[in-house]
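# Working through the structure, step by step
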Amino acid sequence: MASVTHSSHWGAFTASDSGDQLQITPFPGDPDPSPLLENLADTLRHPARVTQPMVRKGWLENGPGPDARRGADEYIAISWEQALDLAASELKRVADNFGPQAVFGGSYGWSSAGRFHHAQSQLHRFLNTTIGGYVRSVWSYSSAAACVILPHIVAPQDEIARRGVSWREIAEHSDIVLAFGGLALKNSQVASGGMSEHTERGYMRQAAARGATFISVSPLRSDLPQEAAGEWLPVRPGTDAALILALLHTLWREGLSDEAFLARYCTGWPMLVASLSGEQDGTVRDAAWAEAICGVPAEKIVALARRLHGKRVLVTVAHSLQRAQYGEQPVWLGLVLAAALGQPGLPGGGYAYALGALGHYGKAFNRVSFPALPQGANGVEDLIPVARIADMLLNPGEPFDFNGVRRRYPHIKLAWWAGGNPFHHHQDLARLRHAFCQLDTLIVHEHSLTATARHADLILPATMTLEREDIGGAPTDRYLFAMHPVAQPWGHARDDFAIFRDIAARLGREEAFTEGRTVREWLQHLYGQMQEKLAQEGVSTPAFDDFWREGILQLPQVDDGGRLMRRFRADPDAHPLPTPDGKIQIYSATIASFNYPDCPGLPVWLTPDEQPDAQHPLWLIANQPATRLHSQLDYGRHSARHKKQGKEVCTMHPIDAAARGIDEGAIVMLHNTRGAVLAAVRIADDIMPGVVQLPTGAWYDPVDPLAQRPLCRHGNPNVLTRDIGTSSLGQGCSGQITVVQVSLFTGDVGEVQAFAPL
Ligand code: PGD
């Protein structure tokens, strides 16, 4: 087969199917292609693919209803006709009897790069056009806490992260980049929708060569790439807020804070000073106070504060810091630190929330973005913060607080998932299984047999992008790609669009769902919309057929990163921030008015209620993997090559390993009250003592799926993480850190079965 253009969240490429595997060639314009492309090579016909519709035996025999067997039942292969009939009649039953407010269609997940076949958009459109709506979820597992707090204190996240200080500015202007949570390239190598040019490594190298200093504040040295030639400041997990308060205390105490900036552009600095100085409650939040919490020696904290003064400083705070209890606080305090240094609005200075967390951030923007599939109108008002899914299913009708509003969890009968993997992304997987057991029905579209698919009542086999045509692009990627099919659909897999179309037809709503268009006609239609907008800007583009043949189109961009803060700094009266008084909120009267003890009106250090103790003396960091995107294509060769004995690898400090008689490469069990996980050990001193790290993404593989404290033999850390919201404000995912014990494991629990066919 000839080589054709295609795209993924981790890079563009050309591919040809040579029979037993794919030949993948990275896009030649990419200066630093991602090794994740390798994961695509042998996935098409992998045994973990879903090849035909399946129904769970208990559901087929007994009908819809709560069932404790989910996750441990048998499956029966059925025809598409039968599967589509079952899905249509079950949706109709639930909508007729309980209304669309009994259908959960949040379906969180990264899905795939093509913009038309984006699975969630297809599902949302389907539910809106067939039954009039669904209960949705808001924000993301990436950054829910930040998404909620940033608009209160400065501006929406997109302005501060996506359109914030750019990498180009950093390379040219920054003296110090103080990165709380680091700037790991494993994170910025991915961007939803696609990323054809990986430029972060080059920019960091360029900045370092000019003399900029990168300081990574993290328990892990690997959070900063070597190219940044930076410094590592180890900090105990989850304690950055205390460290920043002490930096602020030192700046204030030594007269190094930019009082003119704070007075002109900020609200509430005197109140924070009252808290820093001890005037407010008798606790002086100085370097000695912070040392006891964060483990950074007091003299280092003082020296760092002095070093920041008078320099062009960019403060960044990684997504990971806010994926923890009270995760709103470091997001807020990073901004306050940048303000106390007088930096916001200066080239290469200020605050860049989440820079480096995704390939989208710190980049130029396309003047016109490729349009999304229109989703129609959702007639249901009920919503949940995305990470409260298990709370919702376990507590229907119960109240919960979220961003100043008290809501109630809806009663859900049917959940429909396409393009996400909750048994990868959610916390406390035993609790999640129990929650999914409350449903009448769980329908999952998947191209692979993930743990989520293995808990479904109906599994509908979806195509991979490689098997269909689409258009790949992102607002921060100047290239648009024609995604040509590389292979025929494997087995009986069908596009999500085709699946929904055929179910809509059974409900008499096909025309409403498709608007009479085929896939190709939708692509032409969406492309035409983009063309029109570009034409209005005086930019002409090739006809669709020419674009389709060429495979790639370069789009015009604007490089206006940091514009909001620049204008605000130049004239805060003419260009106020979108906050209540137009200034940076060091104190937020709005947040204070919510009366949340777990997120008061001033930024604070609050001690997380889970702390290492005698039973669980180690912190666990469950962060993003370097060898795959989340859980996608975990069976791919790049991901597989980096496992040991088929298990995910966890990193431990030599002191902690020696104390437990653990040698390099040994199989260990990480355990706490929620469950246990096996992993192979890597012993290294690039992690703080007292901390272990196990990335997310190894597919959940419980030895006994029904166990209350499951043992995953593959290495999924979300067995261990805690399922609580970050605070009443953001209610975000707090899965980044937890506490565990680690022991040598010598038992026999059999081979990993996560990728085995059903
Ligand atoms: P993915 O593995 O990307 O994870 O969670 P998310 O659910 O997004 O799942 C996407 C699924 O969609 C895959 O199973 C894939 O096979 C499927 N898929 C891909 N393309 C298609 C398609 O075209 N059609 C259909 N039907 N399916 C498709 C990620 C989430 O995890 C995120 S974003 C973050 S930031 C969180 N991070 C952490 C963390 O740091 N620590 C912990 N402990 N937990 C986390 N969970 C979160």
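For the protein, an unreviewed UniProt entry supplies the name Biotin/methionine sulfoxide reductase and the organism Kosakonia radicincitans. Under the heading Sequence similarities (unreviewed entry), UniProt records this for the protein: "Belongs to the prokaryotic molybdopterin-containing oxidoreductase family."

### Things to note about the packing of aromatic side chains
A complete count under the given rule lists 28 aromatic pairs for this structure. A centroid spacing of 6.2 Å and a plane angle of 85° characterise the contact between F126 and F513, whose relative ring orientation is edge-to-face. With F126 in helix 3 (residues 119–130) and F513 in helix 20 (residues 510–514), the pair connects residues that are 387 residues apart, well separated along the chain. Judged by its relative accessible area of 0%, F126 is buried. According to the relative accessible area criterion, F513 is buried, its value standing at 0%. Here the aromatic rings of F500 and F513 are separated by 6.3 Å at their centres, their planes lie at 70°, and the arrangement is edge-to-face. Of the two residues, F500 is situated in helix 19 (residues 496–506) and F513 in helix 20; the sequence distance between them amounts to 13 residues. Summarising the burial analysis for this pair, F500 and F513 share the class buried. Feature note: the residues F116, F126, W416, F497, F500, F513 and W522 constitute an aromatic cluster, connected by ring pairs. The positively charged end of R163 is found above the aromatic ring belonging to F365, 3.8 Å away from the centroid. When the ring centre of W289 is taken as reference, the NZ or CZ atom of R285 above it lies at 5.8 Å.

### Let's talk about the pairing of strand 20 (residues 458–461)
Across the two faces of strand 20 the burial is the same, with L458 and L460 and I459 and P461 all buried. Inspection of the sheet shows strand 4 (residues 54–56) paired to strand 20 by two bridges, in the antiparallel sense. Looking at the pairing, M54 lines up with I459 of strand 20. With four bridges connecting them, strand 19 (residues 441–446) and strand 20 associate as parallel partners. Bridge pairing links H445 to L460 in strand 20.

### Quick notes on the sheet that holds strand 3 (residues 22–26)
Pairing is antiparallel across the open sheet formed by three strands, whose spatial order is 1-2-3. Here the strands that pair on one side only, and so sit at the sheet edges, are strand 1 (4–8) and strand 3. Averaged over neighbouring strand pairs, the angle between their axes works out to 40° when direction is ignored. Of the strand pairs in this sheet, strand 1 and strand 2 (residues 11–17) are connected by five bridges, and their pairing is antiparallel. Among the inter-strand pairings, S8 is bridged to a residue of strand 2, identified as G11.

### Quick look at the site of the ligand
In the vicinity of the ligand, 33 residues are found, and the nearest of them are S112, H425, E446, R468 and S631. Taking H425, its side chain carries an N or O atom lying 2.7 Å from an oxygen atom of the ligand. When residues of the shell around the ligand are traced back to their parent elements, those giving at least two are helix 17 (422–425) and strand 19. When its residues are assigned to classes, the shell around the ligand shows six nonpolar, 23 polar and four charged.

### Details of the pattern of salt bridges
Using the criterion set out here, one finds 50 salt bridges in the structure. A salt bridge links R367 to E537; the shortest N-O distance between them is 2.8 Å. In this pair, R367 is assigned in the loop between strand 14 (365–366) and strand 15 (383–385) and E537 in the loop between helix 21 (519–536) and helix 22 (544–550), connecting sequence segments 170 residues apart. By relative accessible area, R367 is classed as partly exposed at 35%. Beyond isolated ion pairs, a larger network of salt bridges with shared partners links R56, D67, R69, R70, D73 and D457.

### Quick word on the nonpolar core
Core analysis: the largest hydrophobic core is formed by 173 residues, its most contacted members being F180, L248, W269, L337, Y351, Y353 and L670. Aside from chain neighbours lying at most four places away, what touches L670 is L620, C650, G675, A676, V677, A679, V692, L694, L720, Q741 and V742.

### Quick look at the packing of helix 12 (residues 287–294) against helix 13 (residues 298–308)
Across the interface, helix 12 lies against helix 13 with an axial gap of 8 Å and an inter-helix angle of 120°. Judged by the inter-axis angle, helix 12 sits oblique to helix 13. Both helix 12 and helix 13 take part in a crossing whose hand is right-handed. Along its contact with helix 12, which presents A287, A288, A290, E291 and C294, the element helix 13 presents A298, I301 and V302. Residues belonging to the contact of helix 12 with helix 13 are distributed by class as follows: seven nonpolar, no polar and one charged.

### Concerning the state of the cysteines
The final tally for this structure, using the stated rule, is zero disulfides. The cysteine C437 is free of any disulfide, with C712 supplying the nearest cysteine sulfur at 18 Å. Left without a disulfide partner, C599 is nearest to the cysteine sulfur of C147, which lies 14 Å away. In this structure C599 comes out as buried when scored by relative accessible area, which is 0%.

### Quick look at the environment of W59
Inspection of the secondary structure puts W59 in helix 1 (residues 57–62). Sequence separation between W59 and L458 is 399 residues, and the spatial gap between their C-alpha atoms is 8.7 Å. Residues in contact with W59, not counting those within four places in the same chain, are P64, R70, L86, E90, D440, T441, D457 and L458.

### What to know about the UniProt feature "domain: Molybdopterin oxidoreductase N-terminal" (unreviewed entry) in the protein
UniProt marks residues 6–44 with the feature "domain: Molybdopterin oxidoreductase N-terminal" (unreviewed entry), using the numbering shown here. A distance of 15 Å separates the end C-alpha atoms of residues 6–44, which is 0% helix and 38% strand.

### Points about helix 9 (residues 240–253)
For helix 9, built from 14 residues, the straight-helix expectation of 20 Å at 1.5 Å per residue is met to within 8% by its first-to-last C-alpha distance of 20 Å. Every buried residue of helix 9 is listed here: D240, A241, A242, L243, I244, L245, A246, L247, L248, H249, T250 and L251. Looking one or two residues beyond helix 9, the residue adopting positive phi is G255, at roughly 70°.

### Observations concerning the sheet that holds strand 9 (residues 213–217)
Spatial ordering of the open sheet is given by 10-9-8-12-13, a layout of five strands whose pairing is parallel. On the outer flanks of this sheet lie strand 10 (231–233) and strand 13 (350–353), each paired with one strand and no other. Taken pair by pair, the neighbouring strands of this sheet meet at an average axis angle of 20°, ignoring direction. Examined bridge by bridge, strand 12 (residues 313–317) and strand 13 share four bridges and lie parallel to one another. Its bridge partner lying in strand 13, V315 is registered against Y351. Strands in contact with helix 15 (residues 328–340) are strand 8 (176–180), strand 12 and strand 13; relative to strand 13, the strand with the most contacts, it is inclined by about 155°.

### Topic: the side chain of T465
Its place among the elements puts T465 in the loop between strand 20 and strand 21 (470–472). Setting aside anything within four residues of it in sequence, one finds T465 in contact with H6, S7, S112, A113 and M483.

### Quick notes on the environment of G725
Along the polypeptide, G725 turns up in the loop between strand 31 (711–712) and strand 32 (737–744). A relative accessible area of 16% means that G725 is categorised as buried. When the C-alpha positions of G725 and A144 are compared, they lie 9.6 Å apart, and in sequence the two are 581 residues distant.

Definitions and cut-offs
- Residues numbered from 1 in each chain as written.
- Predicted model: local features only at pLDDT ≥ 70, side-chain atom pairs only at ≥ 80, totals over all residues.
- Heavy atoms only, no water.
- UniProt positions renumbered as here; feature names shortened; annotations may be inferred.
- Phe/Tyr/Trp six-rings, centres within 6.5 Å; stacked < 30°, edge-to-face > 60°.
- Helix = DSSP H or I, 4+ residues; strand = E, 2+ residues; numbered from the N terminus.
- Buried < 20%, exposed > 50% of the residue type's maximum accessible area, 1.4 Å probe, protein only.
- Lys NZ or Arg CZ within 6 Å of the ring centre and 35° of its normal.
- Pairing = 2+ DSSP bridges.
- Axes fitted to C-alpha atoms, helices over the stretch in contact; angles between N-to-C directions.
- Near = heavy atom within 4 Å.
- Polar contact = N/O pair within 3.5 Å; in protein donor to acceptor, adjacent residues only side chain to side chain.
- Nonpolar A, V, L, I, M, F, W, Y, C, P; charged D, E, K, R; others polar.
- Salt bridge = Lys/Arg side-chain N within 4 Å of Asp/Glu carboxyl O.
- Core = buried A, V, L, I, M, F, W, Y, C linked by side-chain atoms within 4.5 Å.
- Contact = heavy atoms within 4.5 Å.
- Parallel < 35°, antiparallel > 145°, perpendicular 65-115°, else oblique.
- Left-handed = near helix turned anticlockwise from the far one by under 90°.
- Disulfide = S-S within 2.5 Å.
- Expected span 1.5 Å × (residues − 1).

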